Amino acid sequence: MKKVTKICCIGAGYVGGPTMSVIASQCPDIKVTVVDINQKRIDDWNSDNLDNLPVYEPGLKEIVSKSRGKNLFFSTQVDKAIDEAEMIFISVNTPTKTYGKGKGQAADLKFVELCARNIAKVAKDDKIIVEKSTLPVRTASAIKSILDNTGNDVRFEILSNPEFLAEGTAIEDLLNADRILIGGDDTESGKDAKNILSSVYEHWLPKERILQTNVWSSELSKLVANAFLAQRVSSINAISALCEKTDANVAEVSRAIGTDSRIGPKFLNASVGFGGSCFQKDILNLVYIARSYGLQEVADYWEQVIIMNDYQKRRFAEHIISTLYNTVSGKKIAFYGWAFKKDTNDTRESAAIYVADALLDEQAQIVVYDPKVSKEQIYADLDYLGTRSPEENRKLLTVVTEPMEAAEDAHAIGILTEWDEFKSYNWDTIFTKMLKPAFLFDGRRILDKDTMESKGFQYYKIGQS
Ligand code: UDX
Ligand code: UDX
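Just so you know, the residues in each chain are numbered from 1, in the order the chain's sequence is written. All chains are assigned letters beginning at A, and all ligands numbers beginning at 1, according to the order in which they are written. Local features are withheld for residues below a pLDDT of 70 in this predicted model, meaning they are given only at 70 or higher, and side-chain atom pairs are given and counted only at 80 or more; totals for whole chains, interfaces and linings count all residues. The basis for every side-chain value is the complete set of heavy atoms in the structure, and neither hydrogens nor water enter the calculation.

Draft legend 1. Fine view of the site of ligand 2. Being near a molecule or strand, for a residue, comes down to having at least one heavy atom within 4 Å of it. Taken together, 20 residues sit near ligand 2, with Phe164, Glu167, Ser271, Lys341 and Arg444 positioned nearest. Backbone polar atom of Phe164 to an oxygen atom of ligand 2: 2.7 Å apart, as the coordinates give it. Whenever two N or O atoms come within 3.5 Å, that pair is a polar contact, provided that in protein one can donate a hydrogen and the other can accept it, and provided that, for residues adjacent in sequence, both atoms are side-chain atoms. Here an oxygen atom of ligand 2 sits 2.7 Å away from a polar atom, N or O, in the main chain of Glu167. Compared with its free state, where it exposes 660 Å², ligand 2 has 91% of that area covered by protein. Each helix is a run of DSSP H or I of at least 4 residues and each strand a run of E of at least 2, with the numbering of both proceeding from the N terminus. Tallying contributions element by element places helix H9 (residues 215–245) first for the shell around ligand 2, with 4 residues. All amino acids are sorted into three groups, where Ala, Val, Leu, Ile, Met, Phe, Trp, Tyr, Cys and Pro are nonpolar, Asp, Glu, Lys and Arg are charged, and the leftover types, Gly among them, are polar. In terms of residue class, the shell around ligand 2 is built from 11 nonpolar, 4 polar and 5 charged. Residue exposure ignores everything except the shown protein chains as possible cover, and the areas themselves are Shrake-Rupley values with a 1.4 Å probe.

Draft legend 2. Just empty space enclosed by the protein, in detail. Here a cavity is any set of points on a 1 Å grid over the protein atoms alone where a 1.4 Å probe fits but cannot get out, and a pocket is any open set with protein on both sides within 12 Å along at least 5 of 7 lines; a residue lines the site when it has an atom within 4 Å of a point. Grid points are joined across faces, edges and corners, and a volume is the space filled by probe spheres set on the points. In this structure the tally under the stated criterion is 2 cavities of 30 Å³ or more. Its volume calculated, the largest cavity comes out at about 60 Å³. Partitioning the lining of the largest cavity into residue classes produces 2 nonpolar, 4 polar and 3 charged. Considering only enclosed or pocket space, the second largest cavity measures out at about 30 Å³ in volume. The element that contributes the greatest number of residues to the lining of the second largest cavity is strand E1 (residues 6–10), accounting for 3 residues. Within the lining of the second largest cavity, the residues separate by chemical class into 4 nonpolar, 1 polar and 3 charged.

Draft legend 3. Here's a closer look at a nonpolar patch on the surface. Taken together, the side chains of Tyr293, Leu295 and Val298 make up a nonpolar region of the molecular surface, amounting to roughly 300 Å² of accessible area. Relative to the helices and strands, Val298 is located in helix H12 (residues 296–323). Residues enter patches when they are more than 30% accessible in relative terms and free of salt bridges; like-charged ones are connected within 9 Å and nonpolar ones (Val, Leu, Ile, Met, Phe, Trp, Tyr) within 5 Å. Each salt bridge in this description consists of a side-chain nitrogen of Lys or Arg and a carboxyl oxygen of Asp or Glu lying within 4 Å of one another.

Draft legend 4. Region of the structure containing the site of ligand 1. Surrounding ligand 1, one finds 20 residues, the nearest of these being Asp36, Arg41, Val92, Lys281 and Arg348. Within the contact set of ligand 1, an oxygen atom lies 3.1 Å away from a backbone nitrogen or oxygen of Tyr14. The separation between an oxygen atom of ligand 1 and a polar side-chain atom of Thr94 is 2.8 Å. Compared with its free state, where it exposes 690 Å², ligand 1 has 91% of that area covered by protein. The class makeup of the residues in the shell around ligand 1 is 7 nonpolar, 9 polar and 4 charged.

Draft legend 5. Here's a closer look at the sheet that holds strand E11 (residues 397–399). By definition, two strands form a pair when at least two bridges between them are found by DSSP. Overall, parallel pairing links the 6 strands, which are arranged E11-E10-E9-E12-E13-E14 in an open sheet. This sheet does not close on itself; its edge strands, each paired only once, are E11 and strand E14 (458–461). On average, each strand axis in the sheet is tilted by 20° relative to the strand beside it, whichever way the strands run. The pairing of strand E9 (residues 332–336) with strand E12 (residues 412–415) spans 4 bridges and is parallel. Only the stretch in contact is used when fitting a helix axis, every axis being a line fitted to C-alpha atoms; angles between N-to-C directions are given from 0 to 180 degrees.

Next comes the structure, spelled out in structure tokens:
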């Protein structure tokens, strides 16, 4: 069996960057080069000031500083890195299509195809290609077809190695993965390739945790894992609505059902709705695939997870409006948090975007504070929706860098992300700064109802009447 000495990863994003940093730090004998077409991103990865890394993840700085310049490199020289490497990870983004067939559901594979064509053009010797991006089932065969038909008579082995890291805990998830999934052909060369990739992970993970499957099982498992996780969140969110109408408390229900070992305690936190780059996209993808095979009931079943999530975001916004005497027009509403979860600067599909959009439709004046998300990103998220002009978004929504400034003269505060720092704020001071009655809408269930009410807030917590 051949050993890998040089790895290249195309795509220096939330997945490619942290994953390759961990591989480099655990495998000093392997040279890892992460390439990206975005010069700014690469400059940021190479920045002397480690606070400027393009991805914020606890523990990432330390790992990058340990390996960068030794066996970890960030570069825009894509062709050179492809040429050198024996193993190439494809970790480019695969957004939901915004045009043509499958618009709004299918994954857009144009970046993956571009990568495959580029590899085919540049490669002069045999290579193992690893799909890291989440892809619709059977993409590996499409990549193989491109490589085999446009290549320079070079042999390519295609593996699927989906990523299961969650943002905010990426480094821990990578170092201590529950499992690594490697899909590939069951031919001799396919098995060899799977073993070679396995040997990379065996630098730090026990072999039992590395599962080998056929390539389609691997591709599908990624979509299914995310669909099951998202389904749990939608299930508990559905129950949160029912709890609010009754005297049940969703936290108590979660605890009661989670202690059943068949159900388990994780992913049962009711919230304003799940976000992130994966859940919605992967479920839409699953729905699209099921429908394209004529499996209408299967498609409808999974689509309901998204419908429930949209309902939860809408419900939160509508609750704010109805509580504020059915009008938020001209009222200042502070948002604590914009990221899709704590400990990340990623905002893709964040519930905050959709709640803000609904309130801006009612002409609310929103002031956002998030400890890690930039003003530019927040405006980009809103502009991307295309609901109103960029000028109007900037007129109605402002971004501040101080939580207390956001609270000044606000009619209400909405908690949209569960950042730990929000729990330790001086809520008495916040109360005095706000207009009265001071409304507090806790979309993440991080504060205590009795405590907040005793301070004078009109406090609403998702899933509690
Ligand atoms: C990843 C996976 O690729 C996606 O399929 C999965 O579902 C979620 O995580 P992520 O790393 O989060 O995506 O994406 P992003 O942060 O957007 O990074 C992708 C990078 O690829 C970008 O920096 C982009 O510039 C780069 N890219 C894209 C290339 O270098 N070449 C291209 O042709 C296209
Ligand atoms: C997810 C998967 O967990 C990971 O395995 C996969 O590789 C990528 O997609 P990620 O999107 O980074 O990871 O974060 P995750 O922790 O799964 O949270 C997703 C969303 O669900 C967040 O908005 C989070 O706030 C929400 N959530 C999660 C809840 O609302 N309640 C919960 O109990 C758990």
